[in-house]
Protein chains: 2
Amino acid sequence: MLTNDPQIEFWFDFGSNYSYLTTMRIEALAAAQGVRVLWKPFLLGPVFKSLGWTTSPFVLQKEKGAYVWRDMQRQCDKYGLPWTQPGTFPRRALLPLRVALLGAGEAWIGAFCRRIIQCNFVEDREIDDAALVGEILTALGLDAAALIAAAGTDENKLAMRAQGEEAMRRGVFGAPMFFARDEMFWGNDRLEDAVAWAAGHVAPRIVLA
Amino acid sequence: MLTNDPQIEFWFDFGSNYSYLTTMRIEALAAAQGVRVLWKPFLLGPVFKSLGWTTSPFVLQKEKGAYVWRDMQRQCDKYGLPWTQPGTFPRRALLPLRVALLGAGEAWIGAFCRRIIQCNFVEDREIDDAALVGEILTALGLDAAALIAAAGTDENKLAMRAQGEEAMRRGVFGAPMFFARDEMFWGNDRLEDAVAWAAGHVAPRIVLA
């Protein structure tokens, strides 16, 4: 099935390390296949809580956690991305997520998200910080004060909460998560598959063997 | 660092669905890069128990479990592999794992493992079954009765237990797991990376960006 307007939903949290890999890669990959990215920032913490986890599985499961940091280094080397293991994990990202929600349909969303998530996973800085978010918005030529004020309105706070509820309703249990033509794909490892699916290059069932 | 004899350890359980994808793919992939596969059958259940899980995370976490079956269908379509969601999961595989441990260094190990794991994930049959294991060994031209008897000796039972203890000591927390030049890689999604690492095609640190 080919659609006239192929698109992929990208659900992410700036605190999620595998969301870092995807945030840095998705726009170029999707554009190469004529697929539009719908940016879907959400708070992963409440989703984990709804699943009975008090924090990231990478913190709860020490063996997996130790592996994940080594895996991130290798993956970043593979993709040619810089990497620093953050001193705090998972990092709170409420304000930048609220700004991303406001800007989800704007031309600057990709650049904003890349800059924020690099502050977390390359520069090891706190990102739930109005000064930092303001600097980044200003550097993008935007009205930082107006955007930060709009991010903090009751309307936008409720929209952020609704976004999280939609994530849970649709079965999101981690990040990054993709939706392409009603199919859900989990993890940066499925980014290429999800984009191909969105572009209509993958039929729903091809069994070659 | 290039070694004269590149090799990759492949740790697996016949009850593990992502081990199915790797079991079907690893020999051809490794051979293409001149890498020898060291087959490392082990019981995943005791490892999960040591981590505090009573069964597979895909059973314990319903949302993830539902996703995994859809993911398996899509992955099998992508790799051109047949797929049937098993009626029992995770399936006990003690006898075939003990036979695989006996045969780990033999020329028939790959064919045996592929046949057993297909019985689980294509034919939806119980695999911890002496009749089935015997049929498969016989079809491979082997002395089924002798191998099944050897699989059940105290010596081999202790070797199987030691294999599981080695897995835990080395930090294995799931399957498939790979070791290549002292690096641990988790999951079928890392098979290509692990083989390339084993072959020495990946330097320990390449940062392109």
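Residues numbered from 1 in each chain as written. Chains lettered and ligands numbered in written order. Predicted model: local features only at pLDDT ≥ 70, side-chain atom pairs only at ≥ 80, totals over all residues. Heavy atoms only, no water.

An unreviewed UniProt entry annotates chain A as 2-hydroxychromene-2-carboxylate isomerase of Massilia violaceinigra. Taken verbatim from the UniProt record of chain A, the Sequence similarities (unreviewed entry) comment is "Belongs to the GST superfamily. NadH family." We quote the UniProt Catalytic activity (unreviewed entry) comment for chain A here in full: "2-hydroxychromene-2-carboxylate = (3E)-4-(2-hydroxyphenyl)-2-oxobut-3-enoate". (UniProt positions renumbered as here; feature names shortened; annotations may be inferred.)

### Remarks on the relation of the copies chain B and chain A
The two copies are related by a screw motion: chain B maps onto chain A through a turn of 180 degrees and a shift of 0.0 Å along the axis, at an RMSD of 0.0 Å. Here the two chains are linked by the operation of a two-fold rotation axis. Considering only C-alpha atoms, the part of chain B nearest the rotation axis is D189 of chain B, at 3.5 Å. With an isologous cut-off of 70% or more, the 100% of interface residues of chain B that recur at the interface of chain A puts this contact in the isologous class. (Least-squares fit on C-alpha atoms with pLDDT ≥ 70 in both. Contact = heavy atoms within 4.5 Å.)

### Quick notes on the environment of G80 of chain B
All names here are of chain B. By the element assignment, G80 lies in the loop between α4 (62–79) and α5 (94–103). Given the relative accessible area of 7%, G80 is considered buried. When the C-alpha positions of G80 and F173 are compared, they lie 28 Å apart, and in sequence the two are 93 residues distant. (Helix = DSSP H or I, 4+ residues; strand = E, 2+ residues; numbered from the N terminus. Buried < 20%, exposed > 50% of the residue type's maximum accessible area, 1.4 Å probe, protein only.)

### Notes on the packing of aromatic side chains
Evaluation of the coordinates by the stated rule reveals 39 aromatic pairs over all chains. Consider the rings of W11 of chain B and F42 of chain B, whose centres lie 5.7 Å apart with planes at 70 degrees: the pair is edge-to-face. With W11 of chain B in strand β1 (residues 7–12) and F42 of chain B in the loop between β2 (36–41) and α2 (44–50), this residue pair connects regions lying 31 residues apart in the sequence. Through a chain of ring-to-ring contacts, the aromatic side chains of F10, F12, F14, W39, W108, F112 and F178 of chain A assemble into a single cluster. Lying across the ring of W197 of chain B, R74 of chain A places its NZ or CZ 6.0 Å from the centre. Lying across the ring of F179 of chain B, R170 of chain B places its NZ or CZ 4.0 Å from the centre. (Phe/Tyr/Trp six-rings, centres within 6.5 Å; stacked < 30°, edge-to-face > 60°. Lys NZ or Arg CZ within 6 Å of the ring centre and 35° of its normal.)

### Remarks on the pairing of strand β3 (residues 177–180) of chain A
Successive residues of a regular strand alternate their side chains across the two faces of the sheet. Residue and element names in this part refer to chain A. Both faces of β3 are covered, namely the face carrying M177 and F179 and the face carrying F178 and A180. In the sheet, strand β1 (residues 7–12) pairs with β3 via three bridges, with the strands oriented antiparallel. In the sheet register, E9 faces β3, and the bridge partner there is F179. The loop that links β3 with its antiparallel partner strand β4 (residues 183–186) comprises two residues; one of these, R181, has a positive phi angle of about 45 degrees. (Pairing = 2+ DSSP bridges.)

### Here we look at the interface of chain B and chain A
Taken together, the 32 residues of chain B in the interface contact 32 residues of chain A. Both sides together, the interface formed by chain B and chain A hides about 3,000 Å², and carbon and sulfur atoms give 50% of it. When the buried surface of chain B facing chain A is broken down by residue, Y67, R74 and R190 of chain B rank first, second and third, together holding 20% of it. Counting every contact that joins chain B to chain A gives ten salt bridges. For D193 of chain A, the salt bridge goes to K78 of chain B, with nearest N and O atoms at 2.9 Å. Across the contact surface, chain B and chain A share 16 residue pairs in polar contact (both at pLDDT 80 or more). Contributing elements (two or more residues each) for the side of chain B that touches chain A: α4, β4 (183–186) and α10 (191–199) of chain B. (Buried area = accessible area lost by both parts, 1.4 Å probe. Salt bridge = Lys/Arg side-chain N within 4 Å of Asp/Glu carboxyl O. Polar contact = N/O pair within 3.5 Å; in protein donor to acceptor, adjacent residues only side chain to side chain.)

### Here's the deal with α5 of chain B
Residues and elements named next belong to chain B. The buried fraction of α5 amounts to nine of the ten residues, a majority that puts the element mostly inside the structure. When we look at burial in α5, the residues that qualify are L94, L95, P96, L97, R98, V99, A100, L101 and G103. Packed against the buried residues of α5 are β1, β2, α6 (109–121), α7 (130–139), α8 (144–151) and α9 (154–169).

### Considerations on the sheet that holds β4 of chain B
Residues and elements named next belong to chain B. Spatial strand order, β2-β1-β3-β4: four strands in an open sheet with mixed pairing. If you trace the sheet from one side to the other, it starts and ends with β2 and β4, each paired once. When strand polarity is set aside, the average angle formed by the axes of neighbouring strands in this sheet is 25 degrees. With four bridges connecting them, strand β3 (residues 177–180) and β4 associate as antiparallel partners. Within the sheet, the bridge partner assigned to M177 lies in β4 and is W186. (Axes fitted to C-alpha atoms, helices over the stretch in contact; angles between N-to-C directions.)

### Looking at the packing of helix α6 (residues 109–121) of chain A against helix α7 (residues 130–139) of chain A
Packed helix pairs are characterised by how far apart their axes lie and by the angle those axes make with each other. All names here are of chain A. Closest axis-to-axis distance for the α6/α7 pair is 10 Å, and the angle between their directions is 140 degrees. Classified by the angle between their axes, α6 and α7 sit oblique to one another. For the pair α6 and α7, the crossing hand works out as right-handed. Each of F112, R115, I116 and C119 in α6 lies in contact with α7, whose residues at this interface are L132, V133, I136 and L137. (Parallel < 35°, antiparallel > 145°, perpendicular 65-115°, else oblique. Left-handed = near helix turned anticlockwise from the far one by under 90°.)

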